[in-house]
Amino acid sequence: MALFPAFADAVKPGEAPASESEGSKRDLNWLTNPSFCSEDALRLHQHSLEDVDLVSEKSPVQSRLEPPRESETSESFQKSPKKKKRKKKQQHHKREKKRRDERISESDTDNDDRHDERKGAELNLVDKASNVSSHSIWLDDIQGLTTEVFRTDKKADPANWQYKSLYRGNIARYKRRGNVCLGIDLKRQYIIWEDTAAEKKQLHKRPERYFTKGGLKLLSMDGIPVCSTDQGSPSGSSTWIPVSQLDPVTVPTASWENPLGIYDPLTTLWLQGKGPPEQNALKQPESQENGNFSLMRKVEEYNRKLRENPRDVQMWMDFVSFQDELMRGPSCYSVNEGELEMRKKSLKLLLEKKLAILERAIESNLNNVDLKLARLKLCTEFWEPSAVIKEWQKLVFLHPNNAALWQKYLLFCQSQFSTFIVSKVHSLYGKCLSTLSAVQDGSMVSHPALPGTEEAMLAIFLQQCHFLRQTGHSEKALSLFQALIDFTFFKPENVKNLTTREQVEFFETFWDSGEPRVGEKGAKGWKAWMHQQERGGWIVVNPPDEDEDDVEEEEEIKDKSLPKWQNWLHVECSREARQWLPWRPDKTKQQTLEDCEDPERQVLSDDLGPSLINISNSNLRFQLLCSFLQFIGVPCECNLLPSFLYIAMDENSIFEDKQHNQGLLSSFNLPLSGVSSTGHMDSMIQARKHVGHSKEGEEFIQNFFHMMLPLFSGKEKSNLSIFWLQYELSKIFQCLKIGNKKKLKAQGKKSKKLAKNLLKAPENRNNLSLWQLYAYLEWLLGNIEDARKVFDTALNMAGSAGIKNPQYYHLGLLYAELETELLGSLEGALESRTVHILTRLAERGPYVPYSGQVLAVNILKARKTYEHLLQDHLNESCTSDQEQISSSQPLVGLVGCYSLFQYLTLGIDSAVLIYRQVYEKLKGCSQRLGSQNSRVTALEALTLMHVNLLRYHMQMSVYPLNPLREALLEALKMYPSNQSLWRAYIQIQSKTHNASKTRRFFDGVTRTTKSLEPWLFAIQAEQMRKQLVESVQRVATGDVYATIPETGLTNRIRALFERAIETDDGTHCPLLWRLYMHFMVSLGNKEKSKGLFYRALQNCPWTKVLYMDAIGYFPDELQEILDLMTEKELRVRVPIEELELLLED
């Protein structure tokens, strides 16, 4: 028998071909196998048939599950030399076969039929080859069958009797998807299936984290409400508390609509043709996992309210804000689950949706400005700047009397880098002020003046002056102040009834006449000049020639070997400090306008006229004066208006500890921190080294005070004198900080001379505030005995009537605090001069200088007197608002004296108790009578005194930190913009190792307030911690050894900067961008720092110090940055060509 029967006629091996024609059969030789034997093949086939018979007797299920056994004949086969590989292959095929067999359903009868047919074919083939009996035969092989033939199938198929049919198309087939069954509550019921395939898949599935899509969906789901049961445990003390659900599960009963009892109640009602009950009509299905129904319900609620009341502007705003929440969650408008998962929530889609809502809101509220502003803010995100500017112009044209709208329009125009030019924005400020002036005068009949227009006009004017200062045009800014002060305080009587525009036309003739202006030598004002012009003009008298030898010309370039960028920065800063006054031709030297070397230093009337406004309110007039003094560096009590405070904040002085040369108790309030004065443009790296202004600047300030003091009387005149002396004190502080004894001695002589001249004036002889500043000046200069004499003289001069003087207690408190700071310890406090001072303050009699230890009886009498005085002042402060203004100032000084007295005689706990009682009393009065400004100021001052006393006590003795921390936390929640409190807080927190509490507190404050100080000091606290970690890691050689991990401080600081910049005030705050740039440069990544610089210019393109910082950080970009400054018309005092000429000389 051949191996292949079809080719049995082929030539056998060893035989020769019959003829040459059969040569073609040679190609079939490969079909024959000389080693093949037919007998062996039949013998092997019989053994295989016997194995088939044995297997067929077993059940088919067992034959599928049991692995096939090795036959006896398999032992005769030789094993391959690669045993391991073949064994692995066989095991892999066995596993695959087993998996395939398990997937075969028992109800599938087709597989059984095919198996029987295959087995019958094998048996038929064997019968023909050898007489081997079998259990099944082919029907075609049987001859002469006329009747029907039946087939016996011993294996029962349940599908045959269950579906009443043998046709396989009538048998239902299905695949189960998941473990869900219809009719069950997924939150309360779960089915465990016998099939373990799904469980095996779940074992390989990784658990989802909280930030995944599934985790976020779980956060938006409504939880199952539960309540504790009232039934107590029988044992009385159980380890768990049983709870019961508010809506217990009701087991449905079987009925004709629900025969199997698997439908829920709502489905049963639907089958009956009924709707849900009224109380459950709005209840969302608990089986919803995505929270779609809650969002849909909110949307429907908003739509219903807005449809009923379309005039509700706040509801429209809330609906716009709700879109952020709607986009964060899953969409309630998705058709299917795939769309819900694949939907992309882009920012543009959100903005367009908000814009559509706002446009509908504007259709219902055509005259509402807030909705239009919100729409413009959204349009800024994806419109071109030119299109947005046109929309702003339309809005301002429709509402020209809205000062708040003008302020936002001006800020938008000066913060657009692509369209920003200094001259254009400056003219825009003039147009704004002239329009509001016309509205205020009544010239613009179409629009009436709104309440608060005059105050808003002053705020816009001050914002314009600080804008010009930050661009480097300090001469124009100073001229604006000069013109408005002359226009306000020296206006002739015969022009007061005219409109503002007509008054400005008269004023321009005075400005262009060349007469001295406010602050200049020989200035007499507009009124005197016009009065003299009516009489025939001035009589010019040649003034005596002054000695010109005192003028010191500072050498601009000190070291030519330095790089070009360093020399440019030095010359630019020096000229900025000396040339902030506008240039005027000197008539004594016969100078003309053509003699000016720098035309930018000249200021003409065309640059000032549109910005002049009428100020009739006396308080606003004095506020204008104080704002100008702050502008030139004189410390004042008046702060900048909050509308543009952070826009003007550009100096890195808010983090400086100003008590390094002062005691903790006797801290002195210096000028407003963060806002640099004119003439000072310092870099982030180098602090200010010069004291005060140049000689011309000091003469200007002196002339200004001499000119303005005669215009006032009473308290306002006293305040101006105090401001002048405080300016001298600030220069003393600066000299002490630098450590230059020569300058300190010279400045001390000038300051003492000024103080004595002020006290010689008749109206100032009894001014205790001036006496207090003069004594403090002597104390700072080191003249302790002279200062004590001044204090004693002032207290003795007040006498018994000093108790009624508001400044009496402040004078005594400062004297006592200075004496307390001289004590080395608290052991001899009772015998000190401080107790004597505080005891004599409580006695109603003339003050007696210190002579020795105070008697115990006098101490008891003084304590009792302080108690009665404090109670009387607290009652007066809470009686009425009228008395509040006059009683808040002495209350602060009285509480300070009493608490310090208790601290020295009884201890720190008694002093803290007084502060706590007064704090609670004033806080209750504020809640009952309303938060008056003076009451809030008193609370803030008392809180600062409380904190300073605790800090001093911790410095002198061992005391826990928690009381100080709690006092600061409570104070900062009430006054989040107080820089002194923030400085104290970050100083004490920098010494702790756990920063989590500090970070949580900063995060809580930044969420509840719009002030920018919490962000700035949070960044400073993290930077201090980073410096501390780096100082530990550094050794003496300067190398860094990462023994302590940084714990992500760099990323945390960067994240804080980004979050602060995203706020409304932080976006346009130059100081915040300067700090961010300095931090990024300190990390060493200059490419990112350069990108951050251009990003800062997109928001603050008017800030000159940003460009100067960039020149210091990126010296190679000097020419490019200077060209950019020239393009934007920022003030460049030293062109690069002039610098090259100076370097060549």
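This section reports on the structure supplied with the text. For every chain, the first residue of its written sequence is number 1, and the numbers climb from 1 along that sequence. Owing to the predicted nature of the model, reporting of local features is limited to residues with pLDDT of at least 70; listing and counting of side-chain atom pairs is limited to 80 or more, with chain, interface and lining totals taken over all residues. Calculation of side-chain values draws on the structure's entire complement of heavy atoms; hydrogens and water are dropped beforehand.

## Digging into the overall build of the protein chain
Along its length, the protein chain carries 45 helices and two strands. Each residue gets one of three labels from its accessible area relative to the maximum for its type: buried under 20%, exposed over 50%, partly exposed in between, using a 1.4 Å probe on protein chains only. Taken across its 1145 residues, the protein chain has 42% of its residues classed as buried. Contacts in the protein chain between residues at least 24 apart in sequence constitute 65% of all its contacts with a sequence separation of at least 6. Carbon together with sulfur atoms contributes 53% to the accessible area of the protein chain, which is approximately 66,900 Å² in total. Helical segments are the DSSP runs of H or I of at least four residues, strand segments are the runs of E of at least two, and each set is numbered from the N terminus. Contacts were defined at the residue level, with two residues in contact if any of their heavy atoms lie within 4.5 Å. Here the open area of atoms and residues is found with the Shrake-Rupley method and a 1.4 Å probe, where only the protein chains shown may cover a residue.

## Focus on the side chain of His693
Along the chain, His693 falls in the loop between α23 (645-648) and α24 (695-708). Assessed through its relative accessible area of 12%, His693 is described here as buried. Polar contact criterion, stated in full: a pair of N or O atoms within 3.5 Å, where within protein one must be able to donate a hydrogen and the other to accept it, and residues adjacent in sequence count only if both atoms are side-chain atoms. Among the polar contacts made by the side chain of His693, one reaches the main-chain carbonyl oxygen of Ile632 at a distance of 2.6 Å.

## Focus on the state of the cysteines
When the sulfur atoms of two cysteines come within 2.5 Å, that pair is taken as a disulfide. All told, the structure shown has zero disulfides when counted by the stated rule. With no disulfide partner, Cys636 has as its closest neighbouring cysteine sulfur the one in Cys626, 4.9 Å distant. Look at Cys636 and you get buried, because its relative accessible area is 10%. Free cysteine: Cys1069, not disulfide-bonded; nearest cysteine sulfur from Cys1100 at 7.3 Å. Among the residues examined, Cys1069 registers a relative accessible area of 0% and is labelled buried.

## Overview of the packing of aromatic side chains
Only rings of Phe, Tyr and Trp enter the pairing, Trp through its six-membered ring, and a pair is recorded when the two centres are within 6.5 Å. The plane angle decides the type: under 30 degrees is stacked, over 60 is edge-to-face, the rest tilted. This structure, assessed with the given rule, holds 43 aromatic pairs. Arranged with centres 6.3 Å apart and planes meeting at 75°, the rings of Tyr1113 and Phe1114 form a pair that is edge-to-face. Assessed through its relative accessible area of 6%, Tyr1113 is described here as buried. Of the residues examined, Phe1114 reaches a relative accessible area of 5% and is grouped as buried. Site record: aromatic cluster; members linked through ring pairs are Phe461, Phe481, Trp580, Phe628, Phe631, Phe700, Phe704, Phe705 and Trp724.

## Considerations on the packing of helix α21 (residues 564-578) against helix α43 (residues 1104-1113)
Here, axes are lines fitted to C-alpha atoms. For helices the fit covers the stretch in contact, and angles between N-to-C directions go from 0 to 180 degrees. At a closest axis distance of 10 Å, the pairing of α21 and α43 adopts a crossing angle of 155°. When the interaxial angle is binned, α21 and α43 end up roughly antiparallel. Note that α21 runs across α43; the crossing there is left-handed. Contacts between α21 and α43 pair Trp565, Trp568, Leu569, Glu572, Cys573 and Glu576 from the former with Lys1104, Met1108, Ile1111 and Gly1112 from the latter. Should an angle fall under 35 degrees it is called roughly parallel, over 145 degrees roughly antiparallel, and 65 to 115 degrees roughly perpendicular, with every other angle called oblique. By definition, any crossing whose near helix is turned counterclockwise from its far helix by less than a right angle is left-handed, and any crossing with a clockwise turn is right-handed.

## Observations regarding helix α30 (residues 833-842)
Of all ten residues in α30, nine are buried; the element is thus mostly enclosed. Of the positions making up α30, those classed as buried are Thr834, Val835, His836, Ile837, Leu838, Thr839, Arg840, Leu841 and Ala842.

## Side note on a negative patch on the surface
On the surface, Glu1120, Asp1123, Glu1127 and Glu1137 cluster together into a patch of negative charge. Looking at the negative patch, the element that brings in the most residues is helix α44 (residues 1118-1127), giving three residues. Summarising the element assignment, Asp1123 is placed in helix α44. A patch consists of residues whose relative accessible area exceeds 30% and which take part in no salt bridge; residues with like charges are grouped when within 9 Å of each other, and nonpolar side chains (Val, Leu, Ile, Met, Phe, Trp, Tyr) when within 5 Å. Definition used for salt bridges: Asp or Glu carboxyl oxygen within 4 Å of a side-chain nitrogen of Lys or Arg. Working convention for charge: Lys and Arg count positive, Asp and Glu count negative, and His plus the chain ends are omitted. Where a charge sits is defined by one atom per residue type, namely NZ (Lys), CZ (Arg), CG (Asp) or CD (Glu).

## Describing the pattern of salt bridges
Taken as a whole and assessed by the stated rule, the structure comprises 33 salt bridges. Among the ionic pairs, Lys496 bridges to Glu493, the shortest N-O distance being 3.2 Å. Looking at Lys496, the relative accessible area reads 42%, which means it is partly exposed. One salt bridge connects Lys731 with Glu698, and the closest N-O pair in it is separated by 3.1 Å. Of the two residues, Lys731 is situated in helix α25 (residues 715-738) and Glu698 in helix α24; the sequence distance between them amounts to 33 residues. One salt-bridge network, held together by shared partners, links Glu475, Glu572, Glu576, Lys1104, Arg1131 and Arg1133.

## Points about helix α13 (residues 369-382)
Working rule for helices: expected span equals 1.5 Å times residues minus one. Taking 1.5 Å per residue as the helical rise, α13 with its 14 residues ought to reach 20 Å, and the 21 Å between its terminal C-alpha atoms agrees with that figure. For α13, the complete set of buried residues consists of Val369, Leu371, Lys372, Leu373, Arg375, Leu376, Leu378 and Cys379. Here α13 starts with a cap whose side-chain oxygen sits 3.1 Å from the backbone nitrogen of Asp370, and that cap is Asn368.

## Observations concerning the packing of helix α35 (residues 962-974) against helix α36 (residues 979-989)
Interaxial distance between α35 and α36 falls to 10 Å at its minimum, and their mutual angle equals 145°. Crossing angle aside, the handedness with which α35 passes α36 is left-handed. Residues Leu964, Arg965, Leu968, Leu969, Ala971 and Leu972 of α35 form the contact with α36, whose participating residues are Leu981, Trp982, Ala984, Tyr985, Ile988 and Gln989. Following the grouping adopted for this structure description, the nonpolar residues are Ala, Val, Leu, Ile, Met, Phe, Trp, Tyr, Cys and Pro, the charged ones are Asp, Glu, Lys and Arg, and the polar ones are all others, Gly among them. Across the contact of α35 with α36, the residue classes break down as ten nonpolar, one polar and one charged.

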